Amino acid sequence: MIMQSDIIAAVATAPGRGGIGVVRVSGPKLGAFAQAISKGLEIKPRTAQYTDFYDAEGHAIDNGLLLYFPAPHSFTGEDVIELQGHGGPVILNMVLGRCLELGARLAEPGEFSKRAFLNNKIDLTQAESIADLIDASSEKAARMALRSLKGAFSDLVSDLVAKVINLRMLVEATLDFPEEEIDFLEAADAMGQLRVIQEQLDRVISQANQGTIMREGLHVALVGMPNVGKSSLLNALSGEEIAIVTDIAGTTRDVVRNFIHIDGVPVHFMDTAGLRETEDIVERIGIERSEKSLQDADVALILMDPREEKNSKFIATLQEIPKGVKRLYVHNKIDLYGQKPMRDGDDICLSAKTGDGLELLKTALLEIAGWQGESEGLFLARTRHMNALREAKGQLEHAREIAYEGLDLFAEHLRLAQEQLNTITGEFTADDLLGEIFSRFCIGK
């Protein structure tokens, strides 16, 4: 064992074969580690050095580039080595195995990013944006994730926290002088400062909401009686033959899932089995799954053929759609009876066969999602971010409501608002500290 045990290593490139594969190592004092695997190479920091990678017997495993990033100037804040060789699974596993022999242990999922966070190289939102950037399903999503990684979201939250801290400092300094509370609220323009914070928070919430839409997308269930064109509509929206289309009732016997992008927004479609009474056991199971999928949907696209009657089973199923699921009523097959595509509120007339009216449906879905059509300057956000922002907004509203009832309550709601904002970036603990406050404010002044 050349090195201490607190060294982690992992294959950093995707599974499978590729032209290049990377093994990443992070931990303390990796200079000797790098020399051991390169058989005495004179290591130069931040320089790509061509070398062989050797096993314990001194036999070459692979050759490629060795890069050494000494702490703290690395992604994790520790010493980091990257071994860039050929991208075959066997070769990469051999190189990784050699790293483990030299004292490293296999890294846990996300542990490199976790160490970067713990060493203050990135905050929580930036750490999360790394995964978002890798998982981005559209160009817009990738750009928004990169903005988060570069700190756009963190900077907005940090600015809000700074304003809340500044107001808290004034409040905390005044708590020892209760007879001056009302004078303080007016002289320090506490309500004005609070209003500025609330307005700024509202803007951040609006931006974060757009980021959440871009990241998580919209889940849409296609619902309807057999042969109303659910599969045809899914194929038309996808631009490819995802679902089988026939004139035989019950062709779709399970939930067919696919997702497309509408103006960059991911929309997840679930093509459900036609809702009807049936003796077919397999089809009945598909219908049960269809009804269950409605519970996970944001929107139910209810397809109807104006020439067909709605049976009691179909009507009963519509009544089972959760109240929180938005409904759009799609009148399909307008090409068969000469009607033009149109939209009237939640009713859309279209033809899945010819494509007439599809743009009306796409626009309606984006409206339901809340997408405003502009991604410049936005960042990806997660559900936990939105929850924290909304909780902070609620605490600031409570602070305004009770401001003249006592500064102690006012201060407490400010503290709770800041605590919620702090959870987004993870930069402060829940008690972020009178030390922070009093280091910046002179009580005796």
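Residue indices follow the written sequence of each chain, beginning from 1 at its first position. Local features in this predicted model are restricted to residues of pLDDT 70 or higher, and side-chain atom pairs are both shown and tallied only at a pLDDT of 80 or more, whereas totals for entire chains, interfaces and linings draw on every residue. Hydrogen atoms and water are omitted, and side-chain values are computed over all heavy atoms in the structure.

Taking an unreviewed UniProt entry as the reference, the protein chain is identified by name as tRNA modification GTPase MnmE belonging to Taylorella asinigenitalis. Within the UniProt record for the protein chain, the comment given under Subunit (unreviewed entry) is "Homodimer. Heterotetramer of two MnmE and two MnmG subunits." In its Sequence similarities (unreviewed entry) section, the UniProt entry covering the protein chain states "Belongs to the TRAFAC class TrmE-Era-EngA-EngB-Septin-like GTPase superfamily. TrmE GTPase family." UniProt positions are given in the numbering used here, feature names are shortened, and annotations may be inferred rather than shown by experiment.

Undergrad: Before we move on, can you summarise the overall build of the protein chain with the specific residues and values?
TA: Helix and strand assignments come from DSSP, with helices taken as H or I runs of at least 4 residues and strands as E runs of at least 2, each series counted from the N terminus. A tally of helices and strands in the protein chain yields 15 helices and 13 strands. Counting only residues that meet the buried cut, the protein chain has 47% of its 445 residues in that class. Sequence-distant contacts, at least 24 apart, represent 64% of the contacts inside the protein chain between residues at least 6 apart. All accessible-area figures derive from a Shrake-Rupley calculation using a 1.4 Å probe, and residue coverage is judged against the displayed protein chains alone. Surface exposure of the protein chain reaches about 21,800 Å², of which carbon and sulfur atoms provide 52%. Three labels apply to residues, based on accessible area from a 1.4 Å probe with only protein chains included: buried if under 20% of the type maximum, exposed if over 50%, partly exposed otherwise in between. Only heavy atoms matter for contacts: two residues are in contact if any of them lie within 4.5 Å across the pair.

Undergrad: Can you explain the nonpolar core? Please cite residues and give values.
TA: Take the buried Ala, Val, Leu, Ile, Met, Phe, Trp, Tyr and Cys residues and link them wherever side-chain atoms come within 4.5 Å; each set so joined is a nonpolar core. Ranked by internal contacts, the top residues of the largest apolar core, which has 35 residues, are Val-220, Leu-233, Phe-269, Leu-301, Leu-361 and Leu-365. In terms of residues, this core owes the most to one element, helix 12 (residues 358-369), which gives six residues. Formed jointly, this core draws a minimum of three residues from each of two domains, domain 2 (131-213 + 382-426) and domain 3 (236-369). If we ignore the near neighbours within four places in the chain, the residues touching Val-220 are Val-267, His-268, Phe-269, Met-270, Val-299, Leu-301 and Leu-365. By size, the runner-up hydrophobic cluster in this structure holds 34 residues, among which are Phe-153, Leu-167, Val-171 and Ala-388. Where each domain starts and ends follows an automatic or database-derived domain assignment.

Undergrad: Describe the packing of helix 8 (residues 190-216) against helix 13 (residues 383-402), with residues and values.
TA: Lines fitted to the C-alpha atoms define the axes, with helices restricted to the stretch that makes contact. Angles between their N-to-C directions range from 0 to 180 degrees. One can describe the packing of helix 8 onto helix 13 by two numbers: an axis separation of 9 Å at closest approach and a directional angle of 160 degrees. Viewed along their axes, helix 8 and helix 13 adopt a mutual orientation that is roughly antiparallel. Relative to helix 13, helix 8 is oriented so that their crossing is left-handed. In terms of residue class, the contact of helix 8 with helix 13 is built from twelve nonpolar, four polar and seven charged. Here roughly perpendicular refers to angles of 65 to 115 degrees, roughly parallel to angles under 35, roughly antiparallel to angles over 145, and oblique to all remaining angles. Rotating anticlockwise by less than a right angle from the far helix to the near helix defines a left-handed crossing, while the corresponding clockwise rotation defines a right-handed one. Polar here means any residue other than Ala, Val, Leu, Ile, Met, Phe, Trp, Tyr, Cys and Pro, which are nonpolar, and Asp, Glu, Lys and Arg, which are charged; Gly is therefore polar.

Undergrad: Can you lay out the side chain of Thr-212 for me, pointing to particular residues and giving the numbers?
TA: Mapped onto the fold, Thr-212 is located in helix 8. Given a relative accessible area of 11%, Thr-212 falls into the buried group. If sequence neighbours within four positions are ignored, Thr-212 has contacts with Gly-217, Ala-381, Arg-382 and Met-386.

Undergrad: Give a detailed account of the packing of aromatic side chains, specifying residues and quantitative values.
TA: Stacked, tilted and edge-to-face are the three classes applied to pairs of Phe, Tyr and Trp rings, where Trp contributes its six-membered ring and a pair requires centres within 6.5 Å; stacked means planes under 30 degrees apart, edge-to-face means over 60, and tilted covers the rest. Applying the stated criterion to the full structure yields one aromatic pair. Its end group placed over the ring of Phe-112, Arg-24 keeps NZ or CZ at 5.6 Å from the ring centre. Either the NZ atom of lysine or the CZ atom of arginine qualifies as a charge over a ring when it sits within 6 Å of the ring centre and within 35 degrees of the ring normal.

Undergrad: Summarise helix 3 (residues 111-118); cite the residues concerned and give the values.
TA: Residues Glu-111, Phe-112, Ser-113, Arg-115 and Ala-116 constitute the buried set of helix 3. Its buried side turned inward, helix 3 meets strand 1 (8-11), strand 2 (18-27), strand 6 (105-106) and helix 4 (124-135). After helix 3 finishes, the residue Asn-120 shows a positive phi value of roughly 60 degrees.

Undergrad: I'd like a rundown of the pattern of salt bridges, residues and numbers included.
TA: Within this document, salt bridges are pairs made up of a side-chain nitrogen of Lys or Arg and a carboxyl oxygen of Asp or Glu, the two lying within 4 Å of each other. Evaluated as defined, the whole model comprises 20 salt bridges. Across the pair Arg-215 and Asp-132 runs a salt bridge, and its minimum N-O distance is 2.8 Å. In this pair, Arg-215 sits in helix 8 while Asp-132 sits in helix 4, placing the two residues 83 residues apart along the sequence. Judged by its relative accessible area of 31%, Arg-215 falls in the partly exposed class. On the basis of relative accessible area, Asp-132 is assigned to the buried category, the value being 7%. As a salt-bridge pair, Arg-143 and Glu-139 come within 2.7 Å of each other at their nearest N and O atoms. Placement of the pair is Arg-143 and Glu-139 together in helix 5 (residues 139-149), with a separation of four residues, close to one helical turn.

Undergrad: Talk me through helix 9 (residues 230-238); I want residue IDs and the actual numbers.
TA: Three or four residues apart is the spacing at which side chains of an α-helix point the same way, because the helix has 3.6 residues per turn. Burial analysis of helix 9 places seven of its nine residues in the buried class, which makes it a mostly covered element. Every buried residue of helix 9 is listed here: Lys-230, Ser-231, Leu-233, Leu-234, Asn-235, Leu-237 and Ser-238.

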